[in-house]
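Structural description and commentary
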Amino acid sequence: MFKRRINYRVPRNLLVLFELLALVLVFVYYKDDFNRNILMLGAALIAMIYIASFVLLRISSGDNYIFLIVTMLISIGIIMIYRIDPELGIKQIIWTGVGILLFFITYFIVKNIDGWRNWILLYGGASIGLFLLTLLFGNRIKGSLNWIVLGRFSFQPTEIIKILLIFLLASYYANHERYKRVQNSNYYLVGVLYLFIGFLFIQRDLGTVLLFYSIFSAIQFIYEEDRKLILYNALFFLISGIIGYFTFSHVRVRFETWLNPWIYIDNKGYQITQSLFAIATGGFFGTGIGLGYPDFIPEVHTDFIFSAICEEMGIFTGIGLIMLFLILVYRGFKIALNQEDKFFKIVALGISVLFGIQSFIIFGGVLKMIPLTGITIPFVSYGGSSMLASFMALGILQVASEDLDLEGIGDE
Amino acid sequence: MNKELRRILIILTSICTLFVSLIVYMSYFQIFRAEAVKNNSYNKRLWIDEEKILRGSIIDRNGKILAYSEKSNDDIYKRFYNYGGLYSHIIGYSYREYGKVGLELEYNNILLNIDETTPFHELKSIVKPNTEGNTLKLTIDHHLQEYSRGLLGGKKGAIVAMDPKTAEVYAMVSFPDFNLSNLREEWNDIMEDEDKPFFNRATSGAYIPGSTFKVLTAMAILEDLDPNSQYECTGSVTIDGRTINDYEGRAHGKVNLEEALVKSCNSYFASKGVQVGKDRLGKLAGDFMINRQIPFDIPAAISTFPNKENLGKVDIAAASIGQGKVLMTPLNMALVVSGIANKGEVLQPTLVKEIISPEGEIIQNNEMEKISNGVSIFTANEIKNMMVEVVRRGTGTNAGIQNTRVAGKTGTAENPSGKSHAWFAGFAPADDPRIAVVVVLEEAGSTGGKAAAPIARNIMVEALNTLE
């Protein structure tokens, strides 16, 4: 126990050091409107993260690295968001606090309630309910109809549905023996996926379409015994992609601006070319915090935060961010491999794929390596929904990292 | 390994591969593509930095302001050009929308006082940001530039006037030009104009030189053959079954080298050129920067002599009189006559005389630099004397100035368009050269002696009278 605490103390302290240095830089940049409140918030952020990881070490016998990795991601994100817009930065600090709270709440609820594997219909029903709610009451923000506005707050139901989808898949494959008796149940599952994708397509949320499909395919690839179905699924997705390309102009635009954004530099290629300018200007070491012009990029605090990080902190920090996600995904898979309980094993896999693919889609998008589809970087981009949902997922992953004695409910 | 474990590892490996490919792509982008992306004129970062710096002025050799920047009401600097299209091909322009050309491009860092980006300089610029750029003092004489452009009288063509002893360019005109101040309004018209106003004819117009090239052939003949041997000109010469005619088929009778140059005798130079051979001609052409990149303050095209190609006798004969595959830029021709005027040595032409810091200090002075050995002082003198005779009693009499010995050579270059180009290249005074001039009138349809020589004469007179 003692040795273990030593091991975690070193990275935790390094993290505090990093945050102190970076916050000082940001404060220097905003030295003109510096005040006590900002200092308090900065200190609160550091304290919050430090205490949370300390508490976590006490209460959870599971993996303690994933929380550390995530706090590092959050630190980089907050520093950049604060530099772009101090007001948003403060909000993001508050969201982080709420997120950490939600992380612990999720952790306790998921850990102490039994029977998660049995509520497949609930997950499916809730998802469809949320989708319908979005369709009925949704507001179109930035071209995507995926926001529900409740008074002062707005949230994206798809963020929750991501987790529901993972639970749905996990409860299906954890109870595979039982569902196998229902004829073609695996085809129904694919049907449900395409129902979800259909809803997302109506919302014009192509990034999430790609994400849902990736999570589904990954789990299906590992657990589906009917290998033909995997092939059908891939072919079907490809064909619908091609049909979508020719039928819907917003799909076509994504491809055109990916192949050659420079000829559309004044209009539809504007965002991506501005992103490339930022990354190119940053070079390997960046211009330094406050010395670049990330605010030239539209939506820089959410989808394009990675470009801003590359401009001011250099692509070495960008590569660092990618590496952090790589380690996070690796830890997630390790958790899955060590988990005896099949439901939580699949949940851990799903969440790892979620973090990995979601970050890849947006990293690749702003770099113009793959077509750009708007999606947030978990823990890094500005946004409450994204932050809270990511922390919920992390809380669940934390549960999955522990030795669970939930066996014997009769699935295998 | 069981099936489940194997498949999980496959998925993990795939995701890792995706991440690694991101890192590889990012590094590739940064190393190979970033430079070009960064310098795209749509990148507002380039401008936001520049517009905070007072871009240096551009002045002529006497201190007359040709281009300057001033703070506009939205607190950024704006560029102003004082003389419309007069300097469109020298100074060029610097506009946010259209980028930069000319000296504005080539001397951008100096005009903005930006050093090469090293970490040290970046640190320095944070501590003490530079706010004012350097001034460029040109070798151009504003009066002569304006006067020369006026003499072209709206005709397509180019003029280069320089000091033969220093190769400082006094005037360089390319017409048609374009108004630097109205670029935004006229951009599309200029782009679509068939006469290509953007094209710098003086540095990049590759023209068939016609008889002006004979001064080069003459130097080769002078060095290799007997210049005094008599040749019987019958008005045409037949080489390998192809006939090369003299101008209007005129027979010049018995001529030696000097008489042949004075009368611009095609038959003489064609047959002697074949005798000298393409390698010798090519070597001499190279000594005067033909087939070589002329180092210059703004981009210059390379003149060509086809000695590397497999030439028949007819081709060599044509090349010897400046026809066929020979192409020369007016700038290069100015270097040829300046070289002859300068005892055979070819100097690097310059447009920028001094770089002056915001504090008024001269931080860089143009050093005279020899770029080629050209020919011996003996050859140069001999040819010079023959060129004096060309102006005194030959095809170039229209370039003659009273009481001043002028050396020159005319050219009337047949070209595929049907209307010939009119050339004159020369310098004055022959004994102590102070001004070298090249005039090309594109598709003039007239001879060099009639159309180009008078213009060159007026420029030389003006230069000798006004330059100190």
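Anyway, here's the lowdown on the structure attached to this text.

Remarks on the overall build of chain A
A tally of helices and strands in chain A yields 15 helices and 3 strands. Here chain A holds 412 residues, and 50% of them are scored as buried. Taking as baseline every contact in chain A between residues at least 6 positions apart, the subset at least 24 positions apart corresponds to 71%.

Some points on the nonpolar core
Core analysis: the biggest nonpolar cluster contains 131 residues, and Ile166(A), Leu169(A), Phe212(A), Ile215(A), Ile219(A) and Val347(A) have the highest contact counts within it. In terms of nonpolar packing, the next biggest core, distinct from the first, is built from 120 residues, Ile58(B), Val169(B), Leu257(B) and Leu327(B) among them.

Some remarks on unusual backbone geometry
In this chain, Phe175(B) is followed by Pro176(B) through a cis amide linkage whose omega measures 0°. Take Pro176(B): it is sitting in the loop between β8 (168–175) and α7 (183–192). The omega torsion across Ala428(B) and Pro429(B) is -15°, close enough to zero to call that bond cis. Tracing the sequence through the fold places Pro429(B) in the loop between β18 (421–428) and β19 (435–441). In this model, Arg204(A) sits at a positive phi of 60°, which is unusual for a non-glycine residue. Take Arg204(A): it is sitting in the loop between α8 (185–202) and α9 (206–223). In this structure, Lys368(A) is a non-glycine residue whose phi angle is positive, near 65°. Relative to the elements of secondary structure, Lys368(A) occurs in the loop between α14 (342–366) and α15 (384–400). The class for Lys368(A) is buried, based on 23 C-beta atoms found within 10 Å.

Section: the sheet that holds strand β6 (residues 135–138) of chain B
Two strands in a sheet stick together by hydrogen bonds in their backbones, pointing the same way (parallel) or opposite ways (antiparallel). Sheet architecture is open: 6 strands sit in the order β3-β2-β1-β6-β14-β15 (chain B), paired in mixed fashion. Where the open sheet ends on each side, the last strands, each with one partner, are β3 (77–81) and β15 (362–365) of chain B.

Focus on the interface of chain A and chain B
The extent of an interface is frequently quoted as the accessible surface area lost upon association of the parts. Contacts between the two partners involve 30 residues from chain A, matched on the other side by 23 residues from chain B. Those elements that place two or more of their residues in the side of chain A that touches chain B are α9, α12 (270–282), α13 (305–338) and α14 of chain A. Among the elements that line the side of chain A that touches chain B, the one with the most residues is α13(A), at 10 residues. Taken together, the residues of the side of chain A that touches chain B break down into 24 nonpolar, 6 polar and no charged.

Points about the pairing of strand β10 (residues 236–239) of chain B
All names here are of chain B. With 4 bridges joining them, β10 and strand β11 (residues 242–245) adopt antiparallel strand pairing. Looking at the pairing, Val237 lines up with Ile244 of β11. In this structure, the hairpin formed by β10 and β11 is closed by a connection of 2 residues, where Asp240 is found at a positive phi of approximately 50°.

Quick look at the sheet that holds β19(B)
Residues and elements named next belong to chain B. One open sheet accounts for 5 strands, arranged β8-β7-β19-β18-β17; its pairing is antiparallel. At either margin of the open sheet sits one strand with a lone partner, and together these are β8 and β17 (407–413). Pairwise comparison of adjacent strand axes, ignoring direction, gives a mean angle of 5° for this sheet. Note: strand β7 (residues 157–163) against β8, 7 bridges, orientation antiparallel. The residue of β8 that forms the bridge with Ala161 is Ala171. Packed on one face of the sheet, helix α15 (residues 377–393) meets β17 and β18 and runs near 65° to β17.

Brief notes about α12(A)
Counted at 1.5 Å a residue, the expected span for α12(A) with its 13 residues is 18 Å, and the 18 Å between its end C-alpha atoms agrees. Of all 13 residues that make up α12(A), 12 are buried, and the element is covered over most of its length. Buried residues of α12(A): Gln271(A), Ile272(A), Thr273(A), Gln274(A), Ser275(A), Leu276(A), Phe277(A), Ala278(A), Ile279(A), Ala280(A), Thr281(A) and Gly282(A), and no others. On the buried face of α12(A), the contacting elements are α11 (249–259), α13 and α14 of chain A together with α1 (3–38) and α2 (44–50) of chain B. Note on α12(A): the residue one or two positions beyond its end, Gly283(A), has a positive phi of about 65°.

Parameters at a glance
- Residues numbered from 1 in each chain as written.
- Chains lettered and ligands numbered in written order.
- Predicted model: local features only at pLDDT ≥ 70, side-chain atom pairs only at ≥ 80, totals over all residues.
- Helix = DSSP H or I, 4+ residues; strand = E, 2+ residues; numbered from the N terminus.
- Buried ≥ 20, exposed ≤ 12 C-beta atoms within 10 Å, placed from the backbone.
- Contact = placed C-beta atoms within 7 Å.
- Core = buried A, V, L, I, M, F, W, Y, C linked by C-beta atoms within 7 Å.
- Pairing = 2+ DSSP bridges.
- Nonpolar A, V, L, I, M, F, W, Y, C, P; charged D, E, K, R; others polar.
- Axes fitted to C-alpha atoms, helices over the stretch in contact; angles between N-to-C directions.
- Expected span 1.5 Å × (residues − 1).

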